[in-house]
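Spelled out, the chains give:
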2 protein chains.
Amino acid sequence: MSVPPAQNSQPGSPVDLPLEIFGLKSDLICPGEDILLKIRAAFEQANLLPQTNDILVIAESALATSENRVVLLDDIQPSVAALEYEKLYQIDAREAELVISESDVIFGGVFGVLLTLKDGMLCPNAGIDNSNAPEGCVILYPENPTKSARKIAEFVLKEFGVHVGVIIADSRTQPLRLGCTGVAIGAAGFLATVDKRGETDLFGRPLAVTRVAVADNLASAAEAVMGESNESTPFALIRNANAVFDSEAFGITTISPEECMYWGVLKKSGSV
Amino acid sequence: MSVPPAQNSQPGSPVDLPLEIFGLKSDLICPGEDILLKIRAAFEQANLLPQTNDILVIAESALATSENRVVLLDDIQPSVAALEYEKLYQIDAREAELVISESDVIFGGVFGVLLTLKDGMLCPNAGIDNSNAPEGCVILYPENPTKSARKIAEFVLKEFGVHVGVIIADSRTQPLRLGCTGVAIGAAGFLATVDKRGETDLFGRPLAVTRVAVADNLASAAEAVMGESNESTPFALIRNANAVFDSEAFGITTISPEECMYWGVLKKSGSV
């Protein structure tokens with residue numbers, strides 16, 4: 001069932017409500033603990049109720065932990081390939097073994113990190129995280145972030161009676177930029193990208209190549225309140241987002257290397 | 001002079017104010033028109049006053065237009081190199097000529113676009129924009145986005161008596177992602193990146209590599225209300241951002257290709 005778009009679909013007019021982002025704290029999420037209960041508790045603690053067309057953002061590490069995607073490195077037996085990566089890039093061979101099994105393509109590496117393609121996304125170490133993991137452990141990416149996003153949206157509908165969008169968010173560096181920004185690795189309940197190509201610019205000319213990565217923009221926005229270290233804010237609620245809501249919509253649209261301008265340039269120069 | 005950090009420097013607790021983003025509309029900005037007057041008019045139209053530690057976001061195309069960075073393509077005489085780019089990548093030779101003069105490095109191209117290094121940033125066509133430009137014209141990047149950001153912060157202080165942060169924002173695709181997200185190309189009045197390396201994760205372990213690109217996250221957040229086409233919302237005001245404010249701080253910290261993980265991998269494979 002489709003729900004109507006947010007009321008401020010024409011952003012920026014004086015009467016528009018501002019976009020709002022609430023950080024939602026949680027106590028520590030332990031491996032296997034139900035993320036849905038943690039979300040409910042976070043709403044209670046913040047004394048906040050979700051509304052129709054809010055977007056709930058979930059940190060991927062919190063989701064992955066709840067999904068038992070925590071691996072004790074001592075349990076991993078590295079392959080010959082993994083030992084080779086350790087030698088080449090000083091990455092722990094056991095972690096390299098996990099990167100091999102978690103990624104679709106490994107493009108290569110530098111000190112401490114392998115650059116991979118994971119579910120169509122360019123991703124250091126296949127998303128495997130050393131931070132915020134128990135001692136001796138690493139956290140893999142959630143099994144299926146978009147499936148989990150849909151499950152969370154269904155839970156919010158059942159629990160609070162409202163349709164919300166859900167984003168599973170990671171943070172990641174970008175080429176030649178300092179610092180991490182938010183990126184959406186799963187989404188449900190709204191269009192993750194919006195195609196503006198039929199629309200016109202300020203001078204009435206058709207826009208050439210403009211698609212907007214709404215989910216990535218909102219993941220970055222949420223990152224601004226969620227933090228990276230010990231803030232214990234694994235969730236955020238975004239209100240009055242200028243998104244196209246559709247309870248049946250799900251997924252992040254990726255593009256193939258063949259469609260990518262950056263990749264195209266590098267390919268011509270013989271790299272990838 | 002330094003100003004104290006925003007009150008919600010511990011984000012996410014139940015008593016925290018939400019981060020808020022107001023879109024600020026403007027009438028059309030014509031080449032050479034004073035951006036400062038447009039900003040003042042936008043605040044008036046929105047019936048909004050900036051407060052200390054707000055962050056004002058300015059679309060780079062609006063700033064560049066006000067700075068007279070609009071070029072009539074017919075005025076450009078393409079060089080031999082530009083004609084070669086036209087042949088190779090079907091990019092208008094006059095535009096290619098501008099890309100050559102505006103960029104530090106050209107890495108190569110694909111259909112319709114050259115990939116460049118511009119002021120230390122990886123950037124399609126050196127930031128030259130076809131959209132939202134008058135007929136037959138393109139818009140170059142602002143001359144010095146951070147210098148303009150400082151000037152705008154000074155104007156807001158003089159006009160409204162409050163210290164704000166300022167971001168000059170562009171939107172850009174990322175490798176293997178569909179759609180554009182916001183990126184900061186100039187900043188003043190707050191730390192564009194925050195170094196978290198001394199801090200600890202949820203389990204008390206030191207964070208390994210975590211710098212947060214606060215300015216990029218907030219540029220993306222603003223993008224969510226500013227739009228890409230004819231929304232006429234070239235400004236946004238962000239309130240209650242969890243940023244480190246310092247009226248003397250300015251600039252975007254870039255990293256060299258040598259420091260970049262992505263570049264490192266591609267370099268080893270012989271590409272860049």
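About the criteria used
- Residues numbered from 1 in each chain as written.
- Chains lettered and ligands numbered in written order.
- Predicted model: local features only at pLDDT ≥ 70, side-chain atom pairs only at ≥ 80, totals over all residues.
- Heavy atoms only, no water.
- Helix = DSSP H or I, 4+ residues; strand = E, 2+ residues; numbered from the N terminus.
- Buried < 20%, exposed > 50% of the residue type's maximum accessible area, 1.4 Å probe, protein only.
- Polar contact = N/O pair within 3.5 Å; in protein donor to acceptor, adjacent residues only side chain to side chain.
- Contact = heavy atoms within 4.5 Å.
- Phe/Tyr/Trp six-rings, centres within 6.5 Å; stacked < 30°, edge-to-face > 60°.
- Lys NZ or Arg CZ within 6 Å of the ring centre and 35° of its normal.
- Pairing = 2+ DSSP bridges.
- Axes fitted to C-alpha atoms, helices over the stretch in contact; angles between N-to-C directions.
- 1 Å grid on protein atoms, 1.4 Å probe; cavity = no way out; pocket = protein on both sides within 12 Å on 5 of 7 lines; lining within 4 Å.
- Points joined across faces, edges and corners; volume = space filled by probe spheres on them.
- Nonpolar A, V, L, I, M, F, W, Y, C, P; charged D, E, K, R; others polar.

Asker: How should I be thinking about the side chain of aspartate 54 of chain B in this particular structure?
Answerer: All names here are of chain B. Structurally, aspartate 54 is set in the loop between helix 1 (35-46) and strand 2 (55-59). Here aspartate 54 falls in the buried class, since its relative accessible area comes to 2%. A polar contact of 2.7 Å, which involves the side chain of aspartate 54, links it to the backbone nitrogen of glutamine 51. Sequence-distant contacts of aspartate 54, that is, excluding residues within four places in its chain, are made with Leu49, His163, Val164, Gly165, Leu237, Ile238, Arg239 and Phe245.

Asker: For this particular structure, what's the right way to read the packing of aromatic side chains?
Answerer: Two measures describe an aromatic ring pair: the distance that separates the ring centres and the angle between the ring planes. Taken as a whole, this structure holds eight aromatic pairs over all chains when the rule is applied. Relative to tyrosine 89 of chain B, the ring of tyrosine 85 of chain B has its centre 6.2 Å away and its plane inclined at 25 degrees; by these criteria the two rings are stacked. Placement of both tyrosine 85 of chain B and tyrosine 89 of chain B in helix 3 (residues 80-89) is noted, with a separation of four residues, approximately one turn of the helix. On the basis of relative accessibility, which here comes to 10%, the residue tyrosine 89 of chain B falls in the buried class. If you follow arginine 150 of chain A out to its NZ or CZ, it ends over the ring of phenylalanine 250 of chain A, 3.8 Å from the centre.

Asker: What exactly am I supposed to notice about the sheet that holds strand 4 (residues 105-110) of chain A here?
Answerer: Picture the strands of a sheet paired through backbone hydrogen bonds; they go either parallel or antiparallel. Residues and elements named next belong to chain A. The sheet built from three strands is open, its strands ordered 4-5-6 with antiparallel pairing. The sheet terminates laterally at strand 4 and strand 6 (121-124), the two strands that pair on one side only. Averaged over neighbouring strand pairs, the angle between their axes works out to 20 degrees when direction is ignored. Pairing of strand 4 with strand 5 (residues 113-118) involves five bridges; the strand directions are antiparallel. For isoleucine 106, the partnering residue across the bridge sits in strand 5 and is threonine 116. In the packing of helix 3 (residues 80-89) onto the sheet, contacts are made with strand 4 and strand 5, and the angle to strand 4 comes to roughly 30 degrees.

Asker: Just checking my understanding: could you explain the side chain of asparagine 240 of chain A for this structure?
Answerer: Looking at the secondary structure, you find asparagine 240 of chain A in the loop between strand 12 (235-239) and strand 13 (245-250). At 2.7 Å, the side chain of asparagine 240 of chain A forms a polar contact with the backbone oxygen of proline 18 of chain A.

Asker: Any chance you could explain empty space enclosed by the protein here in plain terms?
Answerer: Summary: where empty space remains is shown by rolling a probe the size of a single water molecule over the atoms. Going through the model one piece at a time under the given rule, you end up with five cavities of 30 Å³ or more. The computed volume of the largest cavity comes to approximately 210 Å³. Forming the walls of the largest cavity are 20 residues, and the residues nearest its centre are Gln174, Thr181 and Val183 of chain A together with Gln174 and Thr181 of chain B. Classifying every residue of the lining of the largest cavity gives six nonpolar, nine polar and five charged.

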